[in-house]
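A structural walkthrough
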Amino acid sequence: MSGSVLQYCSTTFAITLCLWGHPYLNSIFLLFFFFFSLTPWVPVVGLEIHAQISSNSKLFSGSQVQFAAPPNSLVSFFDASLPGTLPVLNRRCVEAAVMTGLALNCSINKKSLFDRKHYFYADLPAGYQITQQRVPIAVNGSLSYSLCIDNKMSQMVTKTVRIKQIQLEQDSGKSLHDDVRSQTLVDLNRAGVGLMEVVMEPDMCCGEEAAAAVRELQLILQTLGSSQAVMAEGQLRVDANVSVHHPGEPYGVRTEVKNINSIRFLAKAVDYEIERQIEELESGGTILNETRAFDSKLGCTVPMRDKEGKQDYRFMPEPNLPPLILYNARSLPANMNHQQVVNIDWIHERLPDLPSVKRAKLVEQYGILPEHSFTLLNEAGLTEFFEDVIKQTQMKPKKVIGWILNDLLSYLKQHSLTVKESPVSSFLLADLLNRLEKKEISSTAAKQVFAELWKGEGKTPLEIVKEKKLQLIQDQEDLERICQAVMAIKSGNRKVLNKLIGLVQRETQGRSNPVLVKQLLEKKLSE
Amino acid sequence: QRCLSLIKSTKFLNAYITVAEETALKQAEESEKRYKRGQPLGVLDGIPIAVKDNFNTAGIETTCASNMLKGYISPYNATVVQKLLDQGAVLLGKTNLDEFAMGSGSTDGVFGPVRNPWSYSRQYKEKSVPKSHSEDKDSNWVITGGSSGGSAAAVSSFTCFAALGSDTGGSTRNPAAHCGVVGLKPTYGLISRHGLIPLVNSMDVPGILTRCVDDAAVVLGSLAGHDPKDSTTIQDNFKPFELSDLTDVSKLSIGIPKEYHAPGLSSEILALWSKAADLFKNAGAKVIEVSLPHTRYSIVCYHVLCTAEVASNMARFDGLEYGHRSDMNKSTESMYAATRREGFNDVVRGRILSGNYFLLKQNYENYFIKAQKVRRLIANDFVKVFGSGVDILLTPTTLSDAIPYMEFIKEDNRTRSAQDDILTQAANMAGLPAINVPTALSERGLPVGLQFIGRSFQEKQLLTVAKWFEKQVKFPMIQLDEVKRHDHGVFQHQKSASFLEHRT
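Remember, it's a predicted structure, so these values are computed and weren't measured experimentally.

**Structural notes on the packing of helix α11 (residues 346–359) of chain B against helix α12 (residues 361–387) of chain B**
Residue and element names in this part refer to chain B. Where α11 contacts α12, the axes come no closer than 5 Å and their chain directions differ by 95°. In terms of their interaxial angle, α11 and α12 are classed as roughly perpendicular. Judged by residue contacts, Tyr357, Phe358 and Leu359 of α11 engage Lys361, Asn363, Tyr364, Tyr367 and Phe368 from α12. Partitioning the contact of α11 with α12 into residue classes produces 6 nonpolar, 1 polar and 1 charged.

Shown next as structure tokens:
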């Protein structure tokens, strides 16, 4: 019996994994419950997210921050932890953290503290990381995110995850292991770069939720500019804490899954880990409180070799940094140099529209569907592109959105391009849509023009239309002749009328006015 | 040049680890040119100074008297060193210390112990009677105290005008007392620590060793002030000051903290202390006994906080980026272990071990947090006393005069540090300014000093009182016949006024 359950379990999960963003684990467990009368498992997922702060210089030193610079070219004396060097806090990083805290509905601590977290590792030159363990800069926030049910864009639900805290801390360097020559090379370019660690409470229950929450966070960070949050460049790194338990029982032992470097993998890793834990427990095993890595090639999590066994980080206050004091308009000291204070209210007033607000505005302003607003925001620059097109065209936004999402976006996806890299500019697309709107061309022809435009040969839609003879054929005689020809082949009844229209269209490469063709065909048929 | 030859002739003192002869001569030459042009950089232009070997000096080895940093040449100057150089001071060299400034004798460095110049003074030789005739004449030499013993000895033996020390628990004042020089520990946050290789970040301050209080004020004036590279320095502008001669002390209130009558305080020093109190009283000052009730817990808490920060600060010495690296290459971990075993002496390793113990999750609350709480109580003790109208506290600096090296090494570093820092570390726990003023010679002909502790950032008041006191006690000059004899040739050649002659 139990064997078959497991089998069922695995196959179901395999399906879940294939269709990312597909059925809920919950519903699967309910299935269990009904079919096998087993106690269901409740998966619990919490996240720790490290976001690299977008800043010219590092958290405590003046070295530049830059991706893929030559190894060890961005290392100050402090970054290499030369004896006698001291940390000096970067104001920009503090502002980024405050901004992010405010955007995530956190309360900002007017006084926060820095601590040292000790461990020996080759890419941690000081032997400790400066972080905010005791009193972080922001606490008690929340993040709302939406996801679709049953993979249907039209059925979206909004969920909320609590944000426990946001802390400022240093990034470590990078170790490169050369197994052939059995040596480790260390690159300290990243050492000391400012990070915001966002700790999310275990309010999620599956990979899809975790992925949606991280995606929303990513959008918020990018909107704020507090982090570029490009996962592929390590600017956003996610560790997932996963456990399962029976309803009404305390949380199970959790594992921490590290090395997740894309949102897709996050969903996979979490779902795999949930499945693994359930299998383990159902077969009488136990879950170890361990760190696991996600192997994206195998699609599974594997235990990580622990760096030093059970770690005692020997936390201690950082004595070289006074408490970080933030001010609001009321507490702002009059005699203080403005360069040296961070004013929370000032930052609050200047927060840009967050993604949720932007979406609501799009829906309201253009009458598009909510799910379309998600798609628009999910693609960097797509909203701006959409709005640019709207400004330059007479077509209704509701129709424009179809072109943006169905044509532009799918072409972009097919060619793995970003909106910025699109060969079709908003100007060209607007021009094309205007011609369609003026009925100069049919929508089929418009698609062809779009395909031509995509080639990026510098032609205007008009040029393409002329070149390819895609204008709508308005000449009745012409059309009559074509229809006659078609009729000669096909003598049929009214049911095949549409098919005939299609044939006419094919014959004319979509250039014939379908209304006219229909009338003609009807006339011919009635003859 | 005179100083350099004096350094050579006093080499046996082992005060210097590195003598920067070439650069010093070059700096002196440039200074002379500036004087000729009539454009000296400041009061310190051309003045020879020495710097404790735990301050980073660009181009000159910085060792901390440890195998770990032997041969380490820093790429940058500590802020205080830079400030001195910017004023035209001539950097003679780097002075000896206990390894990483952990000690109170200047005996525990990898370059060997520092000998107290007073061991070779006429005053000491006349008074010290060899216990037995068989005893080697040379084994009688006394320690300098520490950990800035090299700096104290360098100033005391006239090889430089002023020296930088560091003071974490008394490391500037203690050797100053034993070597008969002025040792100033400024308020925490007044002088930048950037470039000072830390012992305890929350207590370290650069210390100033000079032959008189006025000189200390001059050096302080050139070093103090905000440093953007050290976030713990205060933002307020510091105005250098000249000390006026205090004529009237009747408005002064001098506190005598009774807790400083510590076990082990020599009767000689006790007598000197009360004599000093009488001196103030007779001059019209108000002298009152005060209480700093938490003083006796201070040294234990100091030990906990000190070792915890040591454990943390020493973590960076892993042999990867700089410093000693062991040949052991089986794994990164074994390389770390071997590097640190070879690089650090027992004292340093011992403190790292106990510090890490105090920081363990299960001990943190019971040791570190408690010690921090007591530290707050100790600081509050001072606040209360100063709040009650006391201007300056007068205490002994050390329990006794300097003891012979052979005597000193009978106890381990840990015991010695606990004894020797007992009267000085509370000022570090509270961050207060304190100064040792050489007061008199002991029965054995060795210097004894007293300590003044002032209010936070009230260096001017502290030094003014110290200067008045200095004037009253007329501490005798050291009579270094031996050095003179060694140095005979130089004396013949150089007729210009040396610091030695100038001062006597």
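There is more to say, and it comes next.
**What to know about the sheet that holds strand β7 (residues 156–170) of chain A**
Residue and element names in this part refer to chain A. With mixed pairing, the 9 strands of this open sheet are ordered in space as β2-β6-β7-β10-β1-β11-β12-β13-β14. In the strand order of this sheet, the two ends are held by β2 (107–108) and β14 (300–303), each with one partner. Relative to β7, strand β6 (residues 138–148) runs antiparallel, the two being bridged by 10 bridges. Paired with Ser144 across the strands is Thr160, a residue of β7.

**Regarding the environment of Asn241 of chain A**
Residues and elements named next belong to chain A. Along the chain, Asn241 turns up in strand β11 (residues 236–245). Asn241 gets classed as buried once you look at its relative accessible area, which sits at 10%. Residues Asn241 and Thr291 lie 50 residues apart in sequence; the distance between their C-alpha atoms is 9.2 Å. The contacts of Asn241, once residues within four sequence positions are left out, are Val44, Val45, Gly46, Glu48, Arg254, Thr255 and Glu256.

**Here's the deal with the packing of aromatic side chains**
The final tally for this structure, using the stated rule, is 29 aromatic pairs over all chains. Between Phe77 of chain A and Tyr76 of chain B, the aromatic rings sit 5.5 Å apart at their centres with planes inclined by 25°, giving stacked as the arrangement. Note that Phe77 of chain A is positioned in the loop between β1 (42–52) and α3 (91–103) and Tyr76 of chain B in the loop between β2 (48–52) and α3 (79–86), a pairing that runs across two chains. Taken together, a centroid distance of 6.1 Å and an interplanar angle of 85° make the contact between Phe317 of chain B and Phe344 of chain B edge-to-face. Placement of the pair is Phe317 of chain B in the loop between α9 (295–313) and α10 (332–343) and Phe344 of chain B in the loop between α10 and α11, with a sequence separation of 27 residues. Pairwise contacts between aromatic rings join Tyr72, Phe100, Phe317, Tyr322 and Phe344 of chain B into one cluster. For Lys117 of chain A, the ring lying beneath its charged end belongs to Tyr313 of chain A, and the centroid distance is 4.3 Å.

**Considering the UniProt feature "active site" (unreviewed entry) in chain B**
All names here are of chain B. Residues annotated by UniProt as "active site" (unreviewed entry) correspond here to Lys52, Ser147 and Ser171. With the annotated positions falling across 120 residues, the maximum pairwise C-alpha distance of 11.0 Å places them together in a single cluster. Locating Lys52 in the fold gives a position in strand β2. Lys52 gets classed as buried once you look at its relative accessible area, which sits at 0%. In this structure, Ser171 sits in the loop between β4 (162–167) and α6 (173–179). For Ser171, the side chain forms a polar contact with the side chain of Ser147, separated by 2.9 Å.

**Regarding the pairing of strand β4 (residues 115–118) of chain A**
Residues and elements named next belong to chain A. Note: β4 against strand β5 (residues 128–131), 4 bridges, orientation antiparallel. Each bridged residue has a counterpart across the sheet, and for Asp115 the counterpart in β5 is Thr131. Across 2 bridges, the pairing between β4 and strand β15 (residues 316–317) is antiparallel. Bridged to Arg116 within β15 is Met316.

**Quick look at the sheet that holds strand β7 (residues 253–257) of chain B**
All names here are of chain B. Spatial strand order, β1-β3-β2-β4-β6-β5-β10-β11-β9-β7-β8: 11 strands in an open sheet with mixed pairing. The sheet is open, and its two borders are formed by β1 (16–19) and β8 (286–290), each paired with just one other strand. Pairs of neighbouring strands in the sheet enclose a mean axial angle of 30°, with direction left out of account. As paired strands, β1 and strand β3 (residues 90–95) are joined by 3 bridges and run antiparallel to one another. In the strand pairing of β3, Thr18 is matched with Lys94.

What counts as what
- Residues numbered from 1 in each chain as written.
- Chains lettered and ligands numbered in written order.
- Predicted model: local features only at pLDDT ≥ 70, side-chain atom pairs only at ≥ 80, totals over all residues.
- Heavy atoms only, no water.
- Axes fitted to C-alpha atoms, helices over the stretch in contact; angles between N-to-C directions.
- Helix = DSSP H or I, 4+ residues; strand = E, 2+ residues; numbered from the N terminus.
- Parallel < 35°, antiparallel > 145°, perpendicular 65-115°, else oblique.
- Contact = heavy atoms within 4.5 Å.
- Nonpolar A, V, L, I, M, F, W, Y, C, P; charged D, E, K, R; others polar.
- Pairing = 2+ DSSP bridges.
- Buried < 20%, exposed > 50% of the residue type's maximum accessible area, 1.4 Å probe, protein only.
- Phe/Tyr/Trp six-rings, centres within 6.5 Å; stacked < 30°, edge-to-face > 60°.
- Lys NZ or Arg CZ within 6 Å of the ring centre and 35° of its normal.
- UniProt positions renumbered as here; feature names shortened; annotations may be inferred.
- Polar contact = N/O pair within 3.5 Å; in protein donor to acceptor, adjacent residues only side chain to side chain.

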